[in-house]
Amino acid sequence: MSSYIWAPHQENSWEVAQVLSHDIHSTSIKYINDNTTRKFTIPMTGFDGVDPETLKDDVDNLVNLDIFNEGTILHHVKKRFIKDNIYTYVGNILIAVNPYKNVDIYGVDVMERCLSAYKNNTSPSPHVYSIAAQSLILLKNDNRDQSILISGESGAGKTEATKKILQFLSSVSSSTSSRAGISVERQILDSNPLLESFGNAKTLRNNNSSRFGKYMQINFTKKHDIKGCNITCYLLEKTRVVRQGSGERNYHVFYMLLAGASVEMRKEFSLKPADQCYYLNQSKCMDIPNRNEVKEYEELVNAMKNLTFHKDMQHKIFQILSGILHLGNVQFAPLHDSGGVEGSHVKNKSDLKIASHLFGFNSVEHFERAMCFKERTIAGETSYTPIDIKMAADQRDALTKFIYGKIFDILVYHVNGALYRGKPGHNIGILDIFGFEVFLINSFEQLCINYCNERLQTFFNEIIFEGEMKVYESEGIACDSITFADNKGCVRLIDLKGASIFSFLDEEILVPKGSEEKLIKKLHHVFEETP
């Protein structure tokens with residue numbers, strides 16, 4: 001075995017180290033980068049060997065490595081990243097590392113270079129444009145639909161990658177289709193800032209985290225020009241509208257509205273500063289460094305205009321958003337009837353009246369009753385049971401989430417109407433999946449988001465590892481078995497029919513007097529021995 005190994009490092013994960021001594025129980029090493037020494041209670045055979053000379057090469061496709069292990073992979077990706085080469089291939093899969101800064105590696109000349117590489121059947125440089133170019137060339141040559149899958153943890157740069165792919169396709173596949181003088185390419189690009197405004201928010205890890213999944217189907221004519229687009233959005237994190245963790249924000253659009261609304265609109269909607277809105281001030285985070293909310297608001301309004309949202313519709317959307325902010329400020333106080341039953345009533349009628357007016361409700365009293373009473377209809381008879389202040393606040397928040405979800409659905413429906421140009425010949429699909437995150441307090445929606453990422457990882461494993469091994473076997477090629485972190489056990493823990501988190505959750509919802517405590521107790525009992 002080599003006298004040089006990849007040794008664990010506290011700051012850099014792995015570093016090249018020289019073996020000083022070893023026996024069957026331990027290994028003493030010296031890190032090459034700083035000459036510090038360390039002793040591990042692991043035999044030398046427990047480490048991956050490395051030849052330092054091989055690390056000097058610049059490798060842009062990791063399948064060309066003679067030795068394939070975590071330390072070597074991270075070394076070459078980092079080596080390229082330091083030079084602002086943020087893209088690296090693994091076969092035909094592109095790794096992208098977010099630089100969190102602007103890098104001068106884009107533009108029309110780079111687009112043309114990436115497209116020419118595929119046209120001339122030469123090896124393309126690792127680049128997000130190359131992925132887009134490959135999908136376009138395959139669409140033309142094979143006359144088959146293509147898909148681009150973008151995944152990664154929150155803050156990895158998925159949204160920006162999606163934008164770059166759309167910019168490439170819009171630039172090299174022009175069309176003559178337009179509405180109101182706006183090209184379909186321009187409208188497709190404008191759909192991004194619109195949906196980001198209503199579906200993205202600041203989290204602890206990412207100032208512009210997508211809190212929804214998005215699948216964009218770019219439609220092409222038989223001559224392979226862009227014809228239109230259809231967008232499917234799903235699993236919007238509606239809980240964020242009413243509650244955010246410390247250091248996080250609500251959806252961008254609320255802050256954009258408060259910063260960019262005209263004086264007349266502020267007065268008409270009785271808008272207050274963000275720190276006076278309960279749905280915005282819980283987290284104590286109202287601003288994002290270097291983000292210009294006024295400019296973002298102007299770009300949103302312009303995108304709405306280009307996507308054929310008429311002024312009245314824009315006005316109505318901002319009116320309902322304002323109503324949501326006022327509804328969040330509605331507070332409840334306890335109210336006891338003659339029988340001692342605890343109920344509730346709205347303590348501050350002013351915000352309730354404003355919210356009721358902005359939503360277009362005819363009766364403030366009926367609006368208050370909808371939040372402070374539980375309505376039941378049995379055999380045509382309707383009864384109202386008072387509820388306490390906690391349940392009233394929950395009903396207020398449930399209504400808010402429902403309203404915001406409907407606004408988002410309407411936006412997507414209208415955008416698709418603006419982008420529809422008839423039945424396509426073929427299409428390129430772009431899946432921008434929401435990022436994996438773990439918060440101090442995780443909602444059910446976050447569990448679903450992380451579950452989707454786990455399922456996606458299973459898909460990758462099947463395609464990259466299991467699929468390739470089957471190809472080798474079918475062709476009679478000798479190949480060592482590849483060891484990889486299989487997450488199927490994690491997926492089964494969540495979704496296995498009859499005995500999983502999802503199945504027990506469904507069960508607890510249906511049984512009388514189901515509760516969170518009973519669910520947790522059941523999960524611990526069933527999965528106590530699960531690794």
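Predicted model, so just to flag it, every value in this text is computed and none were measured. (Residues numbered from 1 in each chain as written. Predicted model: local features only at pLDDT ≥ 70, side-chain atom pairs only at ≥ 80, totals over all residues. Heavy atoms only, no water.)

Draft legend 1. Structural view of the pattern of salt bridges. Scanning the model with the defined rule gives 21 salt bridges in all. Among the ionic pairs, K101 bridges to D84, the shortest N-O distance being 3.3 Å. Placement of K101 in the loop between β6 (93-96) and α2 (108-119) and of D84 in the loop between α1 (70-82) and β5 (87-90) is noted, with a sequence separation of 17 residues between them. Assessed through its relative accessible area of 28%, D84 is described here as partly exposed. Measuring nitrogen to oxygen at the nearest pair gives 2.8 Å for the salt bridge that ties E368 to K349. Of this pair, E368 sits in helix α12 (residues 364-372) while K349 sits in helix α11 (residues 349-359); the two residues are 19 residues apart in sequence, bridging distant segments of the chain. A residue is classified by how much of its surface remains accessible, and E368, at 14% relative accessible area, is buried. (Salt bridge = Lys/Arg side-chain N within 4 Å of Asp/Glu carboxyl O. Helix = DSSP H or I, 4+ residues; strand = E, 2+ residues; numbered from the N terminus. Buried < 20%, exposed > 50% of the residue type's maximum accessible area, 1.4 Å probe, protein only.)

Draft legend 2. Representation of the packing of helix α5 (residues 184-199) against helix α13 (residues 389-419) within the structure. The contact between α5 and α13 brings their axes to 10 Å, and the two run at 175°. Judged by the inter-axis angle, α5 sits roughly antiparallel to α13. Between α5 and α13, the residues in contact are V184, Q187, I188, S191, L194, L195, F198 and G199 and Y404, I407, F408, L411, V412, V415, A418 and L419, respectively. Partitioning the contact of α5 with α13 into residue classes produces 13 nonpolar, three polar and no charged. (Axes fitted to C-alpha atoms, helices over the stretch in contact; angles between N-to-C directions. Parallel < 35°, antiparallel > 145°, perpendicular 65-115°, else oblique. Contact = heavy atoms within 4.5 Å. Nonpolar A, V, L, I, M, F, W, Y, C, P; charged D, E, K, R; others polar.)

Draft legend 3. Expanded view of the packing of helix α16 (residues 501-510) against helix α17 (residues 516-527). Between α16 and α17, the shortest axis-to-axis distance is 10 Å and the interhelical angle comes to 145°. The element α16 and its partner α17 pack so that their crossing is right-handed. Contacts from I501, F504, L505, E507 and E508 in α16 reach K518, L519, K522, L523, V526 and F527 in α17. Across the contact of α16 with α17, the residue classes break down as seven nonpolar, no polar and four charged. (Left-handed = near helix turned anticlockwise from the far one by under 90°.)

Draft legend 4. Quick look at the pairing of strand β12 (residues 213-220). Judged by how many residues are buried, β12 sits mostly within the fold: six of eight residues are covered. Strand direction decides the pairing type here: β12 and strand β13 (residues 226-234), joined by eight bridges, are antiparallel. Pairing of N219 across the sheet is with G228, part of β13. Taking the residues between adjacent antiparallel strands as the criterion, β12 and β13 are bridged by five residues, where H224 takes a positive phi near 70°. Taken together, the seven bridges between β12 and strand β18 (residues 426-432) define a ladder with antiparallel strand orientation. Within β18, the residue paired with K214 across the bridge is D432. (Pairing = 2+ DSSP bridges.)

Draft legend 5. Summary view of the nonpolar core. Counting residues in each nonpolar core, the largest one holds 92 residues, and the members touching the most others are F198, F254, L321 and Y404. The leading source of residues in this core is α13, at eleven residues. Residues within four places of F198 in sequence aside, it is in contact with L236, Y251, V253, L300, M304, I317, L321, Y404, I407, F408 and L411. (Core = buried A, V, L, I, M, F, W, Y, C linked by side-chain atoms within 4.5 Å.)

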